[in-house]
Amino acid sequence: MPAFIETQFPIARLSAESYKERKAGASQTLTGLGKWWGRKPLILVRASILGMLMPASSDPKRDREIFLKILTMDDDGTVQRWKSNERYTLTELLELASLDERNRYHELLAERERLFNKLNEVTEELKRLPKSNIEAIATATAAMNDAVGQADRARKALLAYFNALQINVFNRLPYAERLRFCERPENSDGPTEQAWEEINAHLDTTASNLAELIEQLGQRSYGHTPRVGDCFCGGGSIPFEAARIGCEAFGSDLNPVAGLLTWASLNLLGGGKKVQDEVRGVQEEVFAAADKQITEWGIEHNEQGERAEAFLYCVEVKPEGCDYYIPLAPSWLVAEKYRIVATWKKLPDSVHLQPEVLAVSESELKLYKGNKDATVVDSRILDPFDATRSWSVEALRGPEGLRRWSNDDVVPRPGDVFLERLYCIRWAKTVMHNGKPKLVRRYAAPEAADLAREAKVLELLHERFADWQSEGFIPSKAIISGDNTEQPIRERGWTHWHHLFTPRQLLMHGVLMKLGGQISMSLNAKAYSLLTIGYITDNSSKLCGWNPHHSKGPGNTRNVFSNQALNTLFNYGTKSLQEISFRIISLSTNRQRFTGESNIIISDARDLHAKCDIWITDPPYADAINYHEIGDFFLAWYNKQLARAFPEWTPDARAELAVRGEGEDFRRSMVEIYKNLAQHMPDNGMQMVMFTHQNPAVWADLGMILWAAGLKATAAWTISTETEAAGIKKGSYVQGTVCLVLRKRLGDEPGFLDEVYPLVEDEVKSQIASMQALDEGGEPNFNDADYQLAAYAAALKVLTRYGNIDGRDVEYELFALRAANEKSDFQAVIERALRIACDYLVPQGLDRLWRDLSLVERYYMRSLDVESRGERRKGMYEELARGFGVTDIRPLLQSDKANGTRMVTPSDLGSTHLASLEGAAQNQTMQMPRRGRAASGAPHPFALSPLRHLLFAVRETTEADDNPEPGRQYLRDTFGQGYWNQRDRFIGLLEWFARLGNSSGMEEWHKDAQAARVLSGRLRNDEA
Ligand SMILES: C[S@@+](CC[C@H](N)C(=O)[O-])C[C@H]1O[C@@H](n2cnc3c(N)ncnc32)[C@H](O)[C@@H]1O
């Protein structure tokens, strides 16, 4: 029996939920634990596991309803998740209600008023009656009681209508918009009692919560609680969510930093309140002890009773021919909100400039926001006192590059090209103001006493440096040069990870590491201490730029990993301990205690021995994130302490084993890994491989890898995980995560090409038909890319059933040596399958005409159709081109922007790419299918196509201000007698173009669409 996910998946709703989760930023459940790159949305993981465990029945519609209920993603579920403070006010509600609804509301309101008035009257009358008139009083009292009942019923009716109207109006919103006002499913209480009744009735279960449902479904399929594993667990989304909903969770990763994050997600977040309170208590103790130490040293306090919140540093250089050091920064703005900037002046007896930190006027501030006095612009250093002088940063590094720092360098040496200096301190002090404590801030350039404190910091660090390195309180690891790690080495000469920190940061972080190790007794507390350091280092290093923006109040540091690189900076901020401790990591995003078993290990995915019923993986696939390099930023700090806390983990990123990139090595490791996973799951086990890539074409390669690993594809779905809600339908999203569902291929049944194609055709048709059926009515679930992908997956579904095709082994084919552009027969099969898929999706209104269009013409029409529905991603147009075998699409694209691709209109084309028709095509029907590739020097196949000539006729009509004569004449001249055979088809195509003008976002077509309408009318009335 197929699983739900093998028949359908609520793509549109899941995309909206995933997007909402992503947009939650810091309040996402796991991100607070620490930085990892490429985390998968938890809701997607939850839906995937449920989709694999829930069987599909013969009633797909009901399956869908039930599936959505379990996730609280049905209409009742969204109402349940609707935040109470986001309900409509009466005015808003009546504005959004229909006329009938408004009228009904006013009717009920009037009725309530009437009955309350009546009640008042009856009450007054009763009061007026003399007490002696017992009979009259009894009658009036009865009337009053009656009036009370009526008024109360009217009040309740009005209230009930108001509440029902709230829900009706809310449910009329598109799903993605409703979510703006809702809690995320993970933060809701789950399905209601009534929903559970429906769920249980459909699934024949007796669950009253998610964990019970998972248990019962798992028992049914596997005879035990389902075990879900991820061998590339990264930040832990998959094991965490699996455990949260009641599965047994297994996670492993090559990188111990990932291991720590995943372990912490399960054991700290999943440890419930008790564990969280314990580790938070330890953290507070550590900070208090560190605060005491820093205060004793006197390195953050000054003589005026102020405490520093932040220190701003910059690099300075003395280029050849310049007799002073130039402090470097692309902007000297310090705090926009308080109009604070730094300026520099020359001193008579010094080669170093003197900073001045001051508040400027509003107009001056504007200039600083426009980078006034910036000394680094476009990788050139500018002389602040002579605008005609500048030096290239690259040239300053010299032909030999910079001096490489040695381990014990913690500041530049005199004579180094780049020196470092402090230029601003943000001080704060609490004073009493009107009887209340008030924090007063001050920004100042460093004075002699401050510089003395800097010197003391250096001295304190030197005294401890060797000990602390050997204890592992500060990093001692060398930076291994790689794609990302080369940058700090080349740009600053930094060779060790601790070079990426100021002495102040090393001292402060070192104190916290030391105290964390001493005070944390339990494994939970030790792990949390390490994560705290990870969090702090991401927020306080020489790679943390200073953000003076208004929204940041007094200014704040940027994270090191606001992107996936190790970018060196010319100016940067350092937080004081005081500031850091305000922002320590929070664990409150999950209070639920996980009761199931979980296991996290550090291992190369090739070496795993753990068995899971379901593997969900998100491999490092062509995504250009060098986990093994950038993860070392954290590992350099954790290193020795991590080895003590988790002795069984290898505290090394083992870069040589990391799966990365593309090419043969990558494919080999992936086949090995997925073979291993297939061996470690039961015969009825399932897998999902998730991958996010802008170009859907890359997944053909992945399909081959998984096929060669002994797996067969059973479905594929794309969830847009990183998009604007409004963009989901309009296609303006950036990335989709493809979720490929797989099972073990049992047996090695041989396949034969001539059998495969008809099967592919049938599978494609049935897959698309079932999706179209789900799309009927209501909000569409699928967009063009989904259909395309599903068709492609359908092809893979057929192919991967077989162990070999025409006697050829898949693995052999995958690794056979080939010339750069040579395709394997298997790739050709996949592409042919894709073509079948593409061809099956005929744009609405073109069914009758489709068969007679050439491939390149079909490509143009299909692409236009896709464009008219808002799809703008270039990858989609390229994918279609692959499907239709069009190898050169440039002449057909008006724009080839990554997220702004458009097809040419008749007017854009003008008279370009127009070649005379070949003899045969002139008289009879249009050309037979031709590929869109021009032989060298030959015109593009589109230029020779009848469709191209028809577009030219449209353009002639547009040019002639909608006079159809020149266009008609052109067609008659071009096609000769053939014109009469083709006239009906021309009319059909023209009418289709005419309709294009009505689609939103197709403004470029307005004129040509109108011309097409006029021309079609003229052709219809044409006579020989
Ligand atoms: C795309 S990330 C996974 C992200 C994860 N799904 C999440 O939600 O955070 C891929 C992971 O594969 C890991 N990795 C790379 N090569 C590996 C190997 N040979 N064995 C195990 N893990 C590996 C990387 O360290 C990285 O954490």
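Source: prediction; values computed, not measured. (Residues numbered from 1 in each chain as written. Predicted model: local features only at pLDDT ≥ 70, side-chain atom pairs only at ≥ 80, totals over all residues. Heavy atoms only, no water.)

Participant: Outline the overall build of the chain, supporting the account with residue identities and numerical values.
Facilitator: Across its full length, the chain holds 39 helices and 25 strands. Along the first, second and third principal axes, the C-alpha set of the chain runs to 115 × 100 × 65 Å. Surface accessibility of the chain: about 42,700 Å² in total, with carbon and sulfur atoms responsible for 49%. Side-chain charges of the chain comprise 124 positive and 141 negative groups, with the mean position of each set lying 3 Å from the other. (Helix = DSSP H or I, 4+ residues; strand = E, 2+ residues; numbered from the N terminus. Areas by Shrake-Rupley, 256 points an atom, 1.4 Å probe, with all protein chains shown as cover. Lys, Arg positive; Asp, Glu negative; His and termini not counted. Charge placed at Lys NZ, Arg CZ, Asp CG, Glu CD.)

Participant: For a negative patch on the surface, give the residues involved together with the corresponding values.
Facilitator: A contiguous patch of negative charge on the surface is contributed by E749, D754, E755 and D806. Within the element layout of this structure, E749 appears in the loop between β20 (735-744) and β21 (750-751). (Patch = residues over 30% accessible without salt bridge, like charges linked within 9 Å, V, L, I, M, F, W, Y side chains within 5 Å. Salt bridge = Lys/Arg side-chain N within 4 Å of Asp/Glu carboxyl O.)

Participant: For the sheet that holds strand β9 (residues 380-382), give the residues involved together with the corresponding values.
Facilitator: Ordered in space as β8-β9-β10, the 3 strands form an open sheet in which the pairing is antiparallel. The sheet terminates laterally at β8 (376-377) and β10 (390-392), the two strands that pair on one side only. With 2 bridges joining them, β8 and β9 adopt antiparallel strand pairing. Residue pairing for β9: V376 is matched across the bridge by I381. (Pairing = 2+ DSSP bridges.)

Participant: Just give me the short version of helix α9 (residues 193-203), but keep the residues and values in it.
Facilitator: Because an α-helix completes one turn every 3.6 residues, residues spaced three or four positions apart along the sequence face the same direction. Of the residues making up α9, those classed as buried are A195, W196, I199, N200 and L203. Projected down its long axis, α9 carries its buried residues within an arc of 130 degrees, all on one side. Facing away from the buried side of α9 by more than 90 degrees, the exposed set consists of Q194, E197 and A201. Buried residues in α9 make contact with α3 (60-70) and α10 (210-222). (Buried < 20%, exposed > 50% of the residue type's maximum accessible area, 1.4 Å probe, protein only. Arc of directions from axis to C-beta. Contact = heavy atoms within 4.5 Å.)

Participant: Quick rundown of the site of the ligand? Include the residues and the values.
Facilitator: Surrounding the ligand, one finds 24 residues, the nearest of these being K40, G235, D253, D618 and V659. Within the contact set of the ligand, an oxygen atom lies 2.7 Å away from a side-chain nitrogen or oxygen of D253. In the environment of the ligand, a nitrogen atom lies 2.9 Å from a nitrogen or oxygen atom belonging to the backbone of A605. Compared with its free state, where it exposes 600 Å², the ligand has 98% of that area covered by protein. Tallied by class, the residues present in the shell around the ligand amount to 11 nonpolar, 7 polar and 6 charged. (Near = heavy atom within 4 Å. Polar contact = N/O pair within 3.5 Å; in protein donor to acceptor, adjacent residues only side chain to side chain. Nonpolar A, V, L, I, M, F, W, Y, C, P; charged D, E, K, R; others polar.)

Participant: How would you summarise the nonpolar core if you had to cite specific residues and measurements?
Facilitator: Counting 239 residues, the largest nonpolar core has F9, Y638, Y674, Y859, Y860, M861 and F993 as its most contacted members. By residue number, the principal contributor to this core is helix α27 (residues 784-799), which donates 11 residues. Beyond its immediate chain neighbours, meaning those up to four positions away, Y860 contacts M903, V904, T905, F942, L947, L951, F993 and W1005. By size, the runner-up hydrophobic cluster in this structure holds 44 residues, among which are V393, L422, C424 and F570. (Core = buried A, V, L, I, M, F, W, Y, C linked by side-chain atoms within 4.5 Å.)

Participant: Please give an account of the sheet that holds β21 that cites residues and values.
Facilitator: Strand order across the open sheet formed by 3 strands is β21-β22-β23, with mixed pairing between neighbours. Every other strand in the sheet has two partners, leaving β21 and β23 (808-809) as the edge strands with one partner each. In this sheet, β23 lies alongside strand β22 (residues 804-805) in antiparallel orientation, the contact comprising 2 bridges. Each residue of the ladder has a partner; that of N804, found in β23, is D809.

Participant: Got a sec to walk through the packing of aromatic side chains? Specific residues and values, please.
Facilitator: As enumerated under the stated definition, the model contains 37 aromatic pairs in all. Three or more aromatic residues joined by ring pairs make a cluster, and in this case those are W36, W37, W497, F501, F561, Y627, F633, F634 and W637. It is R492 that lies over the ring of F418; its NZ or CZ is 4.9 Å from the centre. The lysine or arginine in question, R668, covers the ring of F815, its NZ or CZ lying 4.0 Å from the ring centre. (Phe/Tyr/Trp six-rings, centres within 6.5 Å; stacked < 30°, edge-to-face > 60°. Lys NZ or Arg CZ within 6 Å of the ring centre and 35° of its normal.)

Participant: Any details on the environment of S18? Residues and values, ideally.
Facilitator: The residue S18 is located in helix α1 (residues 11-23) in this model. Taking the C-alpha atoms as reference points, S18 and I43, separated by 25 residues in sequence, lie 6.3 Å from one another.

Participant: How would you summarise the pairing of strand β15 (residues 571-575) if you had to cite specific residues and measurements?
Facilitator: Along β15, 5 of the 5 residues are buried, which leaves the element largely enclosed by surrounding structure. The alternating pattern of β15 places N571, G573 and K575 and Y572 and T574 on opposite faces, both of which are buried. Summarising the sheet, strand β3 (residues 307-317) and β15 pair through 5 bridges and their orientation is antiparallel. Paired with A310 across the strands is K575, a residue of β15.

Participant: Residue-level account of the packing of helix α31 (residues 855-868) against helix α38 (residues 978-996), with values.
Facilitator: Where α31 meets α38, the axes come as close as 11 Å, and the angle between the chain directions of the two elements is 25 degrees. Judged on the interaxial angle alone, α38 and α31 are roughly parallel. Viewed along their axes, α31 and α38 form a crossing whose handedness is left-handed. Residue-level inspection shows Y860, M861, L864, D865 and S868 of α31 in contact with α38, the latter providing L989, W992, F993 and L996. Grouping the constituent residues of the contact of α31 with α38 by class yields 7 nonpolar, 1 polar and 1 charged. (Axes fitted to C-alpha atoms, helices over the stretch in contact; angles between N-to-C directions. Parallel < 35°, antiparallel > 145°, perpendicular 65-115°, else oblique. Left-handed = near helix turned anticlockwise from the far one by under 90°.)

Participant: Can you tell me about the confidence of the model for the chain, naming the residues and giving the values?
Facilitator: On average, residues of the chain score 90 in pLDDT, and 93% of them reach the 70 mark or higher. Note on residues 723-734: pLDDT under 50 across the span, and 34 contacts to partners over four residues away in sequence or across chains. Considering only residues more than four positions removed or in separate chains, one finds that residues 919-932, a stretch of pLDDT under 50, has 47 contacts. (pLDDT = per-residue confidence, 0-100.)

Participant: So what about helix α6 (residues 99-128)? Which residues, and what values?
Facilitator: For α6, which comprises 30 residues, the first-to-last C-alpha distance of 43 Å matches the rise-based estimate of 44 Å (1.5 Å per residue) to within 8%. E101, Y105, L108, L115, L119, V122 and L126 are the residues of α6 that are buried. Contacts made by the buried residues of α6 are with α5 (90-96) and α7 (134-172). (Expected span 1.5 Å × (residues − 1).)

Participant: Explain the pairing of strand β25 (residues 900-903) to me, and be specific about the residues and the numbers.
Facilitator: The sheet contact formed by strand β24 (residues 893-897) and β25 spans 4 bridges and is antiparallel. Residue pairing for β25: L893 is matched across the bridge by M903. From the end of β24 to the start of β25, which pair antiparallel, there are 2 residues.

Participant: Could you give me a rundown of the environment of R104, with the residues and numbers involved?
Facilitator: For R104, the position within the fold is in helix α6. Each C-alpha atom of the pair R104 and Y161 lies 8.7 Å from the other, and the pair is 57 residues apart in sequence.

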